[in-house]
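Take a look at the letters that make up each chain.
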Amino acid sequence: MSTPPLAAAPVLRPSRAHLVYGAIEIALSIVVAIATWSAWHSPWTTVLWTLLWLPVSHALGLAAGFVMAAHGDPSAERRTTASTNIAVWAYECAASILLLDLYQPWFSAAPLPAPVGPARPVAVLLLHGYGCNRAFWLRFSRHLADAGYHCDAINLAPIFGDIDDYAETIANAAQSLAARTRLPVVIIGHSMGGIAARACLRRYPTLPVAHTITLGSPHFGTLHARHGIGHNVRQMSIGSEWLVALASSEKDSERARITSIYTAHDNVVYPVRTSVLPGAHNIALDGLGHVSLGTHPRSRALVLETLERVAQGLRHGK
């Protein structure tokens, strides 16, 4: 099958899984507040711990993730100074707490900003990664809109499902965006979103997609998959049959329309070589964590440069 059934643009609905996560956050905050008040009877201590327990626990979990990544990938490009490691961890904490703990539970159905800059010759479809939703892109999409790009972002569901099952949703979103804007589409996929885009294009090769940009995607798997749950995590294991089949199905011409942007200090996708996709345009960064790729000015600048390169190619008929 080369083309999906064309569906109307779906009505955006909040992600139920992330609403549940938000409800758990609130419930645990109430528990922390009650426990702190019972122990200290101090309003300020109670308020402090009620506000801080979540970012503190998230920061500790991220620190453990960076340690596991360093042990799992002792490559030369990952080695750096202690001060750099702390800076990478601190930025990743800020990005993760903002996007995963605040945006995702409450803004998964929020509209993306309309373009305000000069008109661009491509539109952008944004795909989130494992365990996330479209709110991951709220900050990033503002910069794309300011640069003049029409953007859409979708929720990939079920959250722990088969990556192949996301293909029709992605294809319909790409067709809808292209029809609405009358522009070819560039897909930007973070982490699992990047390989979900590749899987979609394997199934629907005639979609109006000019290019795919992946950010920290485990093209050949990640050791971190050992710590996840769900069918999609097993598909992202290093050497999985699914990834091998995906790679073997792609032609050189298809790989040439992929840009893989990745970081040597990724705390989720490692070893770093698994993000290098032969035949694609591979761009390495350093000093950034996994979620940071979706917020940091350096990765954002590379995405904008790649979009401009794709636009120039379209103007010259390449």
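Presented here is an overview of the structure given in this document. The model shown is predicted, which means the values in this text are computed figures rather than measured ones.

A closer look at the layout of surface pockets
Considering only enclosed or pocket space, the largest pocket measures out at about 980 Å³ in volume. Lining the largest pocket are 37 residues, and of these Leu100, Tyr130, Gly131, His224 and Val268 sit closest to its centre. Of all the elements in the fold, those that place two or more residues in the lining of the largest pocket are α1 (16-40), α2 (43-72) and α3 (82-106). At six residues, α2 tops the list of elements feeding residues into the lining of the largest pocket.

Observations concerning the pattern of salt bridges
For the structure shown, the criterion picks out seven salt bridges. One salt bridge connects glutamate 308 with arginine 120, and the closest N-O pair in it is separated by 3.2 Å. Placement of the pair is glutamate 308 in helix α10 (residues 297-315) and arginine 120 in the loop between α3 and β1 (123-127), with a sequence separation of 188 residues. The exposure class assigned to glutamate 308 is partly exposed, which follows from its relative accessible area of 25%.

Concerning a nonpolar patch on the surface
Taken together, Trp40, Val47, Leu48, Trp49, Leu51, Leu52, Val56 and Leu60 make up a surface patch of nonpolar side chains, about 820 Å² in accessible area. No other element matches the seven residues that α2 contributes to the nonpolar patch. Looking at the secondary structure, you find leucine 52 in helix α2. With a relative accessible area of 36%, leucine 52 lands in the partly exposed category.

What about the sheet that holds strand β6 (residues 281-285)?
Spatially, six strands are ordered β2-β1-β3-β4-β5-β6 in an open sheet, and the strand pairing comes out parallel. Two strands close off the open sheet at either side, each with one partner strand: β2 (151-154) and β6. Mean inter-strand twist for the sheet, computed between neighbouring axes without regard to direction, equals 15°. Summarising the sheet, β1 and strand β3 (residues 185-190) pair through five bridges and their orientation is parallel. Bridge pairing in β3 places alanine 123 opposite valine 185. Helix α5 (residues 167-181) rests against β1, β2, β3 and β4 (209-215) of the sheet, and its axis sits at about 160° to β1. Contacts from helix α6 (residues 192-203) reach β1, β3, β4 and β5 (258-263), with the element oriented near 135° to β3.

Rules used throughout
Residues numbered from 1 in each chain as written. Predicted model: local features only at pLDDT ≥ 70, side-chain atom pairs only at ≥ 80, totals over all residues. Heavy atoms only, no water. 1 Å grid on protein atoms, 1.4 Å probe; cavity = no way out; pocket = protein on both sides within 12 Å on 5 of 7 lines; lining within 4 Å. Points joined across faces, edges and corners; volume = space filled by probe spheres on them. Helix = DSSP H or I, 4+ residues; strand = E, 2+ residues; numbered from the N terminus. Salt bridge = Lys/Arg side-chain N within 4 Å of Asp/Glu carboxyl O. Buried < 20%, exposed > 50% of the residue type's maximum accessible area, 1.4 Å probe, protein only. Patch = residues over 30% accessible without salt bridge, like charges linked within 9 Å, V, L, I, M, F, W, Y side chains within 5 Å. Areas by Shrake-Rupley, 256 points an atom, 1.4 Å probe, with all protein chains shown as cover. Pairing = 2+ DSSP bridges. Axes fitted to C-alpha atoms, helices over the stretch in contact; angles between N-to-C directions. Contact = heavy atoms within 4.5 Å.

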